[in-house]
Amino acid sequence: MARTKATIKALQDLRIASLLPSTTDICIALGLQNNVVGITHECDFPLFGDSSKSHPFKHHFVTCQAAIQNDSAEATANKPPPPLTLTVSHIDPSKATQAEIDQAVKTSLHNGLSLYNLDDDALSRAQPDIILTQSLCEVCAVAKDEVDDKVSCRLPPNQCRVLSLEPESLEEVTETFVRIADACGVPERGEELRRSFWKGAEQVLLATEKSGIAKNKEARPKLLFLEWVDPPFNGGHWIPDMVDKWSGCSTATSWVTNSCKSVQLSWQQIYDADPDLVVIACCGFDLKRNEKDALAARDLLKPLRAFNEGRIYTADGNLYFARPGPALREGIAILSRCAYDGDENVVKELEGLGWLPNEGEGWTRVVFDHAAVDHSIADMEDLVTQTHENAFAKLHEEACAEGKDVYIDPETGYSVFTEVAHKRRGKCCGSGCRHCPYNHINVKDKAKKIQQPAFLYEGPDETDDEQRLFASICTIPPNSHIKVLFHSGGKDSFLTIRKLVKQKLQNEQDPFHLILLTTFDSSTRVIAHQEIPIETVLKQAQHLEIPLLAIPLNRCSGETYLSRIQGGLNAIHSRVPDISKLTLVFGDLHLDHIREWREKELGQYPLEYPLWKMPYDDLMDDLEKSKIRVVLSAVTKDGIEEGTLFTRDFRNVVEALGMDGFGENGEFHSVAEVWAASREEALGLMKVD
């Protein structure tokens, strides 16, 4: 576009005040950095040679040709003085927790106050011709009304134009490139920048199609984007577009309307969403801070399948996601890189773009130190009992013997209702009480709340029950034979289920019923050693349509593992009348000392070991026939990583490293993703039309 001397002079004289980091980024990308006379306290890109900060062009951000020319050595030598800082903040995010920041923001909004203000004197000295601001988010910048007031009071009439930007979608973000360029007299640069941005977005989407699943929306990775953790908020405005339209993923929070403000979520909603991966890119925080906060949120993230599969990522939310500017292109690429982390073809394409931020600089996979918090407790693989001074089980027993309604918990000092009090009430209140004598029958979210043995899943509905392999609890008839499988959620337990299915199909003389029994830590809701959330085991049981009894173990109760197991078996007897035979089934492979202990301590029941001494090749063949996925959920040895698929090749690798091919010596544990196949395939049944 040819320019007259007048237009060139007007551009040279243009004075821009940028009241948003995003508009500062856009000005740089448009080659207007020399015109910027005022910025915010949050603008972290050096306009004028501050080598202590990273320059955007070093990150290969999308720009127009004029910006590259203005970054030349000649242009750098002619740069004007640094711009003035025009804003001040009433909160220092670097010194506050996310919960404290959230409270400060909510209090400020409730009181009608702003967290940011304009510096009157600095604005007067800057003498801008145009001010770039926004009225989209009251949390992110100086309020639009304050800008208008200060302009009218501190600047000559008609000198300054205020351009307020309100992009809600990714399309509208790119329109701001054009609006700013047009307002500054360089419309062709805005069009060029917009074209370049969309070209980059298309390159990312094409890269994901190398996986073969990006074209099928149902098969795409389900990504949960968190722009805040405490409390959790999903990504709003342009983030859903970035995820759903351009990254080759699907939004895990699909029930939230696209291109709207971010929404506060409950952790239960997040657990129910069951995302394949989580990207934590909190608003205003860089990579280091987001990684720190993700590690601090370990216990909240731990129930997620994504946590146990090693699919929690953090990114520089301040730079690549919170700012509606050119760097959103890199944000899209980061989302795709995280989602397709294990796909070599996609990773190669993305890294070949030349502008994907490096791992450890713009994004990273979070490595949680599983040894940092020791939640280990007695379970089916531990030959120990636990006793604690002033353990609450003994206090409860004494209180019940005296007919008391409550006792004082030694850990918290709170009053706790006894079994006596609950029986006096006459029913389960549904709150998940510690000493509920009714097996938590009225608790709705049992996986989250139960403190006593209870059925998390009672089996399939009564409809079409004649087609079911294993009956639901309420339909098991009197005088039945019940097999109780001690189920950890891993591959050995799953293979044992397949073995039991074959038994049932081949032996009509013994039409036994099957119940899965799982123990887990009552505080973390995770299965010890396996590092599998109880919700995952519930998902397994529901997919396979097999009843699941869960037994929470409390490290401070003073109860023994065996007493808790007996409590679970009593829960079965309370639901199924007149059981003729109760067999305990284990998925042990070859550890003699474990079997000896079981027979010593549980020998009053018939015991069964369907996989005992079976050749590993046979087990591997059967696992492959099932079509499910098995993923390492925990490792204790070097050379192997959580999240690795358990395959025949992996078994060969670990055996070459001197380990047991099935991890029987505790080298690793696994989770059986039974939902990766149909129920019929997983159980080894003929498909039902």
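Just above sits the structure.
Description of the structure in this document. (Residues numbered from 1 in each chain as written. Predicted model: local features only at pLDDT ≥ 70, side-chain atom pairs only at ≥ 80, totals over all residues. Heavy atoms only, no water.)

Turning next to the overall build of the protein chain. Helix and strand counts for the protein chain come out as 27 helices and 25 strands. Residue burial in the protein chain is summarised as follows: out of 689 residues, 54% are buried. Partitioning the intrachain contacts of the protein chain with sequence separation of at least 6 by distance along the chain shows that 70% fall at a separation of at least 24. Taken as a whole, the protein chain presents about 30,500 Å² of accessible surface, with 48% of it coming from carbon and sulfur. (Helix = DSSP H or I, 4+ residues; strand = E, 2+ residues; numbered from the N terminus. Buried < 20%, exposed > 50% of the residue type's maximum accessible area, 1.4 Å probe, protein only. Contact = heavy atoms within 4.5 Å. Areas by Shrake-Rupley, 256 points an atom, 1.4 Å probe, with all protein chains shown as cover.)

What follows concerns the sheet that holds strand 16 (residues 454-457). Strand order across the open sheet formed by 6 strands is 16-21-18-17-22-23, with mixed pairing between neighbours. In the strand order of this sheet, the two ends are held by strand 16 and strand 23 (607-608), each with one partner. With 5 bridges joining them, strand 17 (residues 481-486) and strand 18 (residues 513-521) adopt parallel strand pairing. Residue Lys 483 lies in a different strand from strand 18, and its bridge partner there is Leu 514. Most of the contacts of helix 21 (residues 491-506) go to strand 17, to which it runs at about 160 degrees, and overall it touches strand 17, strand 18, strand 22 (581-585) and strand 23. Contacts from helix 23 (residues 561-575) reach strand 16, strand 17, strand 18, strand 21 (548-553) and strand 22 within the one sheet, and its direction differs from that of strand 21 by about 150 degrees. (Pairing = 2+ DSSP bridges. Axes fitted to C-alpha atoms, helices over the stretch in contact; angles between N-to-C directions.)

The next point concerns the pattern of salt bridges. A pair can form between side chains of opposite charge whenever their charged atoms are brought close. Using the criterion set out here, one finds 33 salt bridges in the structure. Of the charged contacts in the structure, one is a salt bridge between Lys 539 and Asp 274, with a shortest N-O distance of 2.6 Å. Pair noted here: Lys 539 is in helix 22 (residues 534-544) and Asp 274 is in the loop between helix 11 (267-273) and strand 11 (277-280), with a separation of 265 residues, a long-range link. By relative accessible area, which is 26% here, Lys 539 ends up partly exposed. A salt bridge links Asp 299 to Arg 298; the shortest N-O distance between them is 3.7 Å. Owing to a relative accessible area of 45%, Asp 299 belongs among the partly exposed residues under this scheme. Each of Asp 274, Asp 276, Arg 305, Glu 309 and Lys 539 takes part in one network of salt bridges that share partners. (Salt bridge = Lys/Arg side-chain N within 4 Å of Asp/Glu carboxyl O.)

Right, let's get into the nonpolar core. Among the nonpolar cores identified, the biggest contains 60 residues, and Ile 16, Leu 170, Met 242 and Phe 321 are the most heavily contacted of them. Met 242 has contacts with Leu 170, Ser 247, Tyr 320, Phe 321, Leu 328, Gly 331, Ile 332 and Leu 335, leaving out every residue within four places of it along the chain. Among the nonpolar cores identified, the runner-up in size contains 51 residues, and Ile 450, Leu 495, Ile 532 and Ile 640 belong to it. (Core = buried A, V, L, I, M, F, W, Y, C linked by side-chain atoms within 4.5 Å.)

For the pair helix 16 (residues 328-339) and helix 17 (residues 344-351), interaxial distance at closest approach is 9 Å and the crossing angle is 155 degrees. Overall, the two elements helix 16 and helix 17 adopt an arrangement that is roughly antiparallel. Relative to helix 17, the crossing made by helix 16 is left-handed. Contact with helix 16, carried on its side by Ala 333, Ser 336 and Arg 337, involves Val 347, Leu 350 and Glu 351 of helix 17 and no other residues of that element. A per-class count over the contact of helix 16 with helix 17 returns 3 nonpolar, 1 polar and 2 charged. (Parallel < 35°, antiparallel > 145°, perpendicular 65-115°, else oblique. Left-handed = near helix turned anticlockwise from the far one by under 90°. Nonpolar A, V, L, I, M, F, W, Y, C, P; charged D, E, K, R; others polar.)

Just geometry here; none of it tells us what the structure is for.
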